[in-house]
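Analysis of the macromolecular model
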Amino acid sequence: MPIVVNKDTCTGCETCVSSCPYDAIVIREGKAEITELCQLCKACLGVCPEGAIRETGESGARREKSEGTGVWVFAEQRDGVIAGVSFELLGAGRRLADKLGTNLSAVLFGPNAAGPDELIKWGADRVFHCEDELFRNFNDEPFAALLSRLIGQHKPEIVLAGATPIGRSFIPRVAARLHTGLTADCTSLDIDGESRDLLQVRPAFGGNIMATILCPETRPQMATVRPRVMKRAEYDLSRNGEIVKVSAADVGSRTRVVETVKEVSEVAVNLQEANIIVSGGRGVGGEKGFHLLYELADALGASIGASRAAVDEGWIPYRHQVGQTGKTVGPRIYFACGISGAVQHLVGMQSSDIIIAINKNPEAPIFDVATYGIVGDLFEIIPLLTKRIREAKGL
Amino acid sequence: MNMVVCIKQVPDTAEVRINPETNTLIRDGVPSIINPYDVHAIEAALQIREKAGGKVTALTMGPPQAEVALREALSMGVDDAALLTDRAFAGSDTWATAYTLSKAIQLLGADIILCGKQAIDGDTAQVGPEIAEFLDIPHISYIRKIDEAGGGRIVVQRLMDDGFDVIESSLPVLLTVVRELNVPRLPSLKGKMAAKKAMIRKLTAADIGAEESSLGLRGSPTQVKNIFAPESRKDRKMLEGTIEEKVEALVRELVGLKCL
Ligand SMILES: Cc1cc2nc3c(=O)[nH]c(=O)nc-3n(C[C@H](O)[C@H](O)[C@H](O)COP(=O)(O)OP(=O)(O)OC[C@H]3O[C@@H](n4cnc5c(N)ncnc54)[C@H](O)[C@@H]3O)c2cc1C
């Protein structure tokens, strides 16, 4: 809905001007005015001390709310292995379905004889499975075509997929085709008690802000969900469900995967699966400092991470980088040593269970997300900590 | 080879900060730039033109001020620029943005459409694939290398979590690019001079024959409900005392949590 300034109450104090990321607020003749640069991001709402900035009621002629029931999860797999995010989505989907009093379905494309059963044990009531060879490799068009067709036939109210390279590439095509909304890279999902709409929370502006997104009229409400933030449901061996075989008739592709090249380094895999990560930033000071971290990691059985600053300095290779432009990790314990905690780093590690921050500067933003904070010199703290941990573990 | 590069003018979000007390953005003097990924898309189009010949048009949807971004693209060497600007486009989400851009692309005609992987403000990475769907053409995301382009087909490398895929596609096709793809050239002096004088084609909703109910706020299925600062942890414990005491306290906590 358009955002307007009430000229009667506006005092021209300019508080709102710098709150706008798009420079869309100007002061003209002593009053704030919203220009055509406005992107309706709502960053200015609530900023005005006089409450003079608000949304107007007119949202234009809206469509009727379309119908749908059931929660769906797209279960991604690569090389016949179901991606971890699929089980996380089933956990999130289960909670949403229970809240709505409806059922949970999973969709699996590609050969995988044991896959549907697995998905049921992780929480699905029903699995749509297409075993066609067409889905052995990932091509956007056939994935989008078949998922759109199934959604069109069964009309779920919510569809979730992983915010992975695969999900973020083909799910937008499905949303475009079905003329419905899609929220990118969500980190939290809930149901609004009153409207029963899906409340979708996601980072934007490079992780500097969080936004709640709604898709009020069209169905299904679609979202891609960031890996490693949702909790899995209980794996239940006794769960039963329905398996529906789906054919890929009439589905084609104008792209073809000629070759698939694996380039995983040990560390990259390690980081995303690690239980404990010891990470260093600019404060580590150099390769020498990283040796202290290697020793701590060795005592803990941990993997080594780094902030972009340390990677850019050349102290440690890029594949160790955690954050917006590196890996997203979610270990049990994350040690942030000499890392200031720029948002771009935080978005990559915030979902760790326990965050331990060690930093000289008590004002460092890393302490805002820490479970345990130690202010002090890491060159003194780390060696002592390594020693005490070795003792505690009887090493 | 006719190419259209979609570019977006964005605030440099690396400079945007949030005030945790008031929960509001602080944007003092944050500059507007061409979305960094889109600069790589421009470079890719120019390189294809150098090999296969053809014409490159830069296209943006935005307020009249977005003309600055188009002039920058012209100074890098694109042949033409078009600005989609109309009050009716205001408030577009990715669905409406992609619909509007696809209508303009139909008008301009293209064998290859290039987009950035994502824009650094909205951060959705959805506009490219959605344009391809509206145009009913294939798309390939996260292009890190273009092996071949010509003769009605293209072969590219798509970056994935665990490596990359080599993919062949028929034309027309839409590509979204990552920053590893190339090193963008700097505008030449001659380019800058030409860009200053160049005509920029303005397109309105009527020019592209768009359906009004699919534009802007009205055409957008999603809405931003509210925005807020990323949460800080409530359970934080600062460990106090001498270095020895702090380390001791931490080890005790970790043992207590059965982490060791
Ligand atoms: C806080 C916030 C959160 C939002 N969340 C969502 C959401 O979850 N879902 C949703 O549908 N919308 C969302 N929007 C709206 C969305 O940001 C706008 O529609 C935006 O104009 C396009 O999306 P993007 O910036 O994410 O672009 P992306 O899809 O990330 O851009 C990819 C590429 O598309 C091309 N492109 C994008 N926009 C233009 C343009 N205007 N002109 C030319 N080329 C362009 C560029 O090549 C760009 O590199 C959100 C907006 C805000 C402010």
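Scroll up to find the structure this text is about.
Quick summary incoming for the structure in this document. In this text, all values refer to a predicted model and were calculated from it rather than measured experimentally. (Residues numbered from 1 in each chain as written. Chains lettered and ligands numbered in written order. Predicted model: local features only at pLDDT ≥ 70, side-chain atom pairs only at ≥ 80, totals over all residues. Heavy atoms only, no water.)

1. Things to note about helix H10 (residues 378-392) of chain A
All names here are of chain A. Worth spelling out the cut-off: Numbered from the N terminus, helices here are DSSP runs of H or I no shorter than four residues, and strands are runs of E no shorter than two. Under the convention used throughout, the expected extent of a helix is 1.5 Å for every residue step, that is, one less than its residue count. Any pair of nitrogen or oxygen atoms within 3.5 Å is treated as a polar contact; in protein, a donor-acceptor pairing is required on top of that, and neighbouring residues in sequence qualify only through side-chain atoms on both sides.
The end-to-end C-alpha separation of H10 is 20 Å, in line with the 21 Å expected for 15 residues at 1.5 Å each. Looking at where H10 begins, the residue whose side-chain oxygen comes 3.0 Å from the main-chain nitrogen of Phe379 is Asp377. Taken from the residues just after H10, Gly394 is the one with a positive phi, measuring 70 degrees.

2. Section: the pattern of salt bridges
One side chain can pair with another of opposite charge once the charged atoms of both are near each other. Residues and elements named next belong to chain B. Spelled out, the test is: One side-chain nitrogen of Lys or Arg within 4 Å of one carboxyl oxygen of Asp or Glu is enough to make a salt bridge. Remark: exposure states derive from per-residue accessible area (1.4 Å probe, protein chains only) relative to the maximum for the residue type, with buried under 20%, exposed over 50%, and partly exposed in between.
If you walk through the whole model with that rule in mind, you get 38 salt bridges over all chains. The partner of Asp79 in a salt bridge is Arg49, and the shortest N-O contact between them spans 3.0 Å. Here Asp79, found in the loop between helix H2 (67-76) and strand E7 (80-84), pairs with Arg49, found in helix H1 (residues 36-52); they are 30 residues apart in sequence, far enough to count as distant. The partly exposed category is assigned to Asp79, whose relative accessible area is 40%. Between Asp147 and Lys145 there is a salt bridge, with the nearest N and O atoms lying 3.0 Å from each other. Given the relative accessible area of 32%, Asp147 is considered partly exposed. Judged by its relative accessible area of 40%, Lys145 is partly exposed.

3. Points about the site of the ligand
For the record, the criterion: Consider each residue's heavy atoms; a residue with any of them within 4 Å of a molecule or strand counts as near. We get accessible surface area from the Shrake-Rupley algorithm with a probe of 1.4 Å; when it comes to residues, only the shown protein chains can shield them. Three residue categories are used. Nonpolar comprises Ala, Val, Leu, Ile, Met, Phe, Trp, Tyr, Cys and Pro, charged comprises Asp, Glu, Lys and Arg, and polar comprises the others, including Gly.
Taken together, 33 residues surround the ligand, and among them B:Cys6, B:Lys8, B:Asp38, B:Thr94 and B:Thr124 come closest. Around the ligand, the neighbouring residues derive from chains A and B rather than from a single chain. Here an oxygen atom of the ligand and a side-chain polar atom of B:Thr97 are 3.3 Å apart. Here the ligand, which alone exposes 940 Å², has 96% of that area covered by the protein. Split into classes, the residues belonging to the shell around the ligand amount to 15 nonpolar, 12 polar and 6 charged.

4. Observations regarding unusual backbone geometry
In this structure, the amide linkage connecting A:Arg219 to the following residue, A:Pro220, adopts the cis form with an omega of 0 degrees. Here A:Pro220 is to be found in the loop between strand E14 (209-214) and strand E15 (221-225). Backbone torsion omega between B:Leu171 and B:Pro172 reads -5 degrees, so that peptide bond is classified as cis. Mapped onto the elements, B:Pro172 comes out in the loop between strand E11 (163-170) and strand E12 (173-177). Here A:Glu14, not a glycine, exhibits a phi torsion of approximately 75 degrees, which is positive. Mapped onto the fold, A:Glu14 is located in the loop between strand E1 (3-5) and strand E2 (25-28). Residue classification places A:Glu14 among the partly exposed positions, given a relative accessible area of 48%. At A:Asp250, a residue that is not glycine, the phi angle is positive and equals roughly 70 degrees. Note that A:Asp250 resides in the loop between strand E16 (242-245) and strand E17 (255-262). Residue classification places A:Asp250 among the exposed positions, given a relative accessible area of 80%.

5. With respect to empty space enclosed by the protein
All names here are of chain A. We count it as follows: Here the term cavity refers to a set of points on a 1 Å grid, laid over the protein atoms alone, in which a 1.4 Å probe fits but cannot get out; the term pocket refers to an open set having protein on both sides within 12 Å along at least five of seven lines, with lining residues being those that place an atom within 4 Å of a point. Grid points are joined across faces, edges and corners, and a volume is the space filled by probe spheres set on the points.
Applying the stated rule across the entire model yields 4 cavities of 30 Å³ or more. When its volume is computed, the largest cavity comes out at roughly 100 Å³. If you trace the largest cavity, you find 15 residues lining it, with Cys20, Cys38, Gln39, Cys41 and Cys44 closest to the centre. A class-by-class count of the residues in the lining of the largest cavity yields 13 nonpolar, 1 polar and 1 charged. Looking at the second largest cavity, its volume works out to about 80 Å³.

6. Some words on the side chain of A:Asn112
All names here are of chain A. Selection rule: Any two residues whose heavy atoms approach within 4.5 Å at even a single point are treated as in contact.
Along the chain, the position of Asn112 falls in the loop between strand E8 (104-109) and helix H2 (115-121). For Asn112, the side chain forms a polar contact with the side chain of Gln77, separated by 2.9 Å. Other than its neighbours up to four places away in sequence, Asn112 contacts Gln77, Gly80, Ile82 and His129.

7. Quick notes on the packing of aromatic side chains
Rules: Between the rings of Phe, Tyr and Trp (Trp by its six-membered ring), a pair exists once the centres lie within 6.5 Å; its type follows the angle of the planes, with under 30 degrees stacked, over 60 edge-to-face, and the other angles tilted. Working rule: Lys NZ or Arg CZ, within 6 Å of ring centre, within 35 degrees of ring normal, means a charge sits over the ring.
Scanning the model with the defined rule gives 17 aromatic pairs over all chains in all. Arranged with centres 5.6 Å apart and planes meeting at 70 degrees, the rings of A:Phe74 and A:Phe109 form a pair that is edge-to-face. Of this pair, A:Phe74 sits in strand E5 (residues 71-75) while A:Phe109 sits in strand E8, placing them 35 residues apart in sequence. For the pair formed by A:Phe74 and A:Phe109, the shared burial category is buried. Put simply, the rings of A:Phe74, A:Phe109, A:Phe135, A:Phe138, A:Phe143 and A:Phe170 touch in pairs and so form one group of aromatic residues. A:Arg232 extends its terminal NZ or CZ atom over the ring of A:Trp122, reaching a point 5.2 Å from the ring centre. B:Arg144 extends its terminal NZ or CZ atom over the ring of B:Phe164, reaching a point 3.9 Å from the ring centre.

8. Examining the packing of helix H3 (residues 140-154) of chain A against helix H4 (residues 165-178) of chain A
All names here are of chain A. The condition that has to hold: To obtain each axis, a line is fitted to C-alpha atoms, and for helices this fit is confined to the stretch in contact; angles are then taken between N-to-C directions over 0 to 180 degrees. The scheme is simple: roughly parallel for angles under 35 degrees, roughly antiparallel for over 145, roughly perpendicular for 65 to 115, oblique for anything else. For any helix crossing, the convention is left-handed if the near helix is rotated counterclockwise from the far helix by under a right angle, and right-handed if that rotation is clockwise.
H4 packs onto H3 with a crossing angle of 45 degrees between their chain directions and a minimal axis gap of 9 Å. When the axes of H3 and H4 are compared, the pair comes out oblique. Crossing of H3 over H4 shows right-handed handedness. Across from Asp140, Glu141, Phe143, Ala144, Ala145, Leu147, Ser148 and Ile151 in H3, the residues of H4 making contact are Ser169, Phe170, Ile171, Arg173, Val174, Arg177 and Leu178.

9. Points about the sheet that holds strand E12 (residues 188-191) of chain A
Quick reminder of the rule: Criterion used throughout: strands pair if DSSP finds at least two bridges between them.
Strand order in this open sheet of 4 strands is E12(A)-E13(A)-E14(A)-E14(B), and the pairing throughout is antiparallel. Looking at which strands have only one partner, the edges of the open sheet turn out to be E12 of chain A together with strand E14 (223-228) of chain B. Within this sheet the neighbouring strands show an average axis-to-axis angle of 25 degrees, counted without direction. Two strands pair when backbone bridges link them, and E12(A) and strand E13 (residues 198-204) of chain A are joined in this way by 4 bridges, in the antiparallel orientation. Across the sheet, A:Ile191 pairs through a bridge with A:Leu198, a residue of E13(A). Sheet strands touched by helix H1 (residues 84-100) of chain A: E12 and E13 of chain A. Its angle to E12(A), the strand with the most contacts, is close to 10 degrees.

Don't take any of this as a statement about function, it's just geometry.
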